[in-house]
Amino acid sequence: QKIAISDLSGTILSGLKASNIALTNENLQLQLQDVEFEPSYSALLKKELRIKKLKAEVIDVILPDNKETTEDKPEAIKPPEFSSPINIDIDSLEIGTLTIQASDNPIEYRNIQLSGSLHQSELKITHLHGEFQTYSLDASGDFSFAKPFPLFIQADLTENNNSTVH
């Protein structure tokens, strides 16, 4: 596993910026450009991680080619039971462009914005916004990493011509 960071500036107390962060291993290549990170250290005193701002102008995810195709029925998704040892709150996650490259078909999402939290086994998405092709998605929801894994999602999908699907 290899991690490379270019042009790191700022301080841990005031926030950090990097022009490029690259993570490479056998299963993934991850490239982040123009990254900003601003934590809230006062929350650490309460054993919480609060991220005021995490921003990346560009994120490129390159997955390995999986040329093996199977016609077997896919296995059912079985989420793991999970409980975070600390509470995590994200005030603002912003991604200008997220590109996921798997084989020859890259998928590009734009203007992603997220706020939410993970407290023990409860994941709460306060707000999620993203754009794909001619669509915009605004959503919120809750998911529990404890059995029976309840999930609640409320979403609005809007096409560029301003028609909304609920």
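Draft legend 1. Expanded view of the overall build of the protein chain. For the protein chain, the helix and strand inventory stands at 0 helices and 11 strands. The order of α-helices and β-strands along the protein chain, N terminus first, is β-β-β-β-β-β-β-β-β-β-β. The C-alpha extent of the protein chain, read off along each of the three principal axes, is 50 × 40 × 35 Å.

Draft legend 2. Expanded view of the pairing of strand 9 (residues 135–144). Alignment of strand 8 (residues 122–132) against strand 9, held across 9 bridges, turns out to be antiparallel. Within strand 9, the position partnered with Gly130 by the bridge is Leu137. Counted between consecutive antiparallel strands, the loop separating strand 8 from strand 9 contains 2 residues, among which Gln133 sits at a positive phi close to 50 degrees. Looking at chain direction, strand 9 and strand 10 (residues 151–159) are connected through 9 bridges and run antiparallel. When the bridges of strand 10 are listed, Leu137 appears paired with Leu157. Counting the residues between successive antiparallel strands, the hairpin from strand 9 to strand 10 contains 6 residues, one of them, Phe149, with a positive phi of roughly 60 degrees.

Draft legend 3. Fine view of the side chain of Ser117. Relative to the helices and strands, Ser117 resides in strand 7 (residues 105–119). With residues up to four places along the chain from it excluded, the contact list for Ser117 reads Ile88, Asp89, Glu122, Leu123 and Lys124.

Draft legend 4. Representation of the packing of aromatic side chains within the structure. As enumerated under the stated definition, the model contains 4 aromatic pairs in all. Between the aromatic rings of Tyr109 and Phe132, the centroid separation amounts to 5.3 Å while the plane-to-plane angle is 35 degrees, which identifies the pairing as tilted. One end of the pair, Tyr109, is in strand 7; the other, Phe132, is in strand 8, and 23 residues separate them in sequence. Judged by relative accessible area, which is 29%, Tyr109 ranks as partly exposed. What makes Phe132 partly exposed here is its relative accessible area of 30%. Members of the aromatic cluster, connected to one another through ring pairs, are Phe82, Phe143, Phe145 and Phe149.

Draft legend 5. A look at the environment of Glu48. Relative to the assigned elements, Glu48 resides in strand 5 (residues 48–62). Along the primary structure Glu48 and Leu157 are separated by 109 residues, whereas in three dimensions their C-alpha atoms are 33 Å apart.

Draft legend 6. View of the nonpolar core. Listed in full, the 8 residues of the largest apolar core are Leu32, Val35, Ala56, Ile59, Val61, Ile95, Leu98 and Ile112. Secondary structure elements with two or more residues in this core: strand 4 (28–40), strand 5 and strand 6 (87–102). With 3 residues, strand 5 is the largest single contributor of residues to this core. Residues contacting Val35, with those up to four places away along its chain left out, are Leu16, Lys17, Ala18, Ile21, Lys55 and Ala56.

Draft legend 7. Layout of the environment of Glu108. Secondary-structure assignment places Glu108 in strand 7. Judged by its relative accessible area of 38%, Glu108 is partly exposed. Note: C-alpha distance between Glu108 and Leu98 (10 residues apart in sequence) is 5.7 Å. Setting aside its immediate chain neighbours within four residues, Glu108 contacts Thr97, Leu98, Thr99, Glu131 and Phe132.

Draft legend 8. Examining the pairing of strand 4 more closely. Where strand 3 (residues 15–25) meets strand 4, 9 bridges bridge the pair, whose relative direction is antiparallel. The partner of Leu16 across the bridge, within strand 4, is Phe37. Adjacent in sequence and paired antiparallel, strand 3 and strand 4 are bridged by 2 residues. Direction of pairing for strand 4 relative to strand 5: antiparallel, over a ladder of 11 bridges. Bridge pairing in strand 5 places Val35 opposite Ala56.

Basis of the calculations
- Residues numbered from 1 in each chain as written.
- Predicted model: local features only at pLDDT ≥ 70, side-chain atom pairs only at ≥ 80, totals over all residues.
- Heavy atoms only, no water.
- Helix = DSSP H or I, 4+ residues; strand = E, 2+ residues; numbered from the N terminus.
- Pairing = 2+ DSSP bridges.
- Contact = heavy atoms within 4.5 Å.
- Phe/Tyr/Trp six-rings, centres within 6.5 Å; stacked < 30°, edge-to-face > 60°.
- Buried < 20%, exposed > 50% of the residue type's maximum accessible area, 1.4 Å probe, protein only.
- Core = buried A, V, L, I, M, F, W, Y, C linked by side-chain atoms within 4.5 Å.

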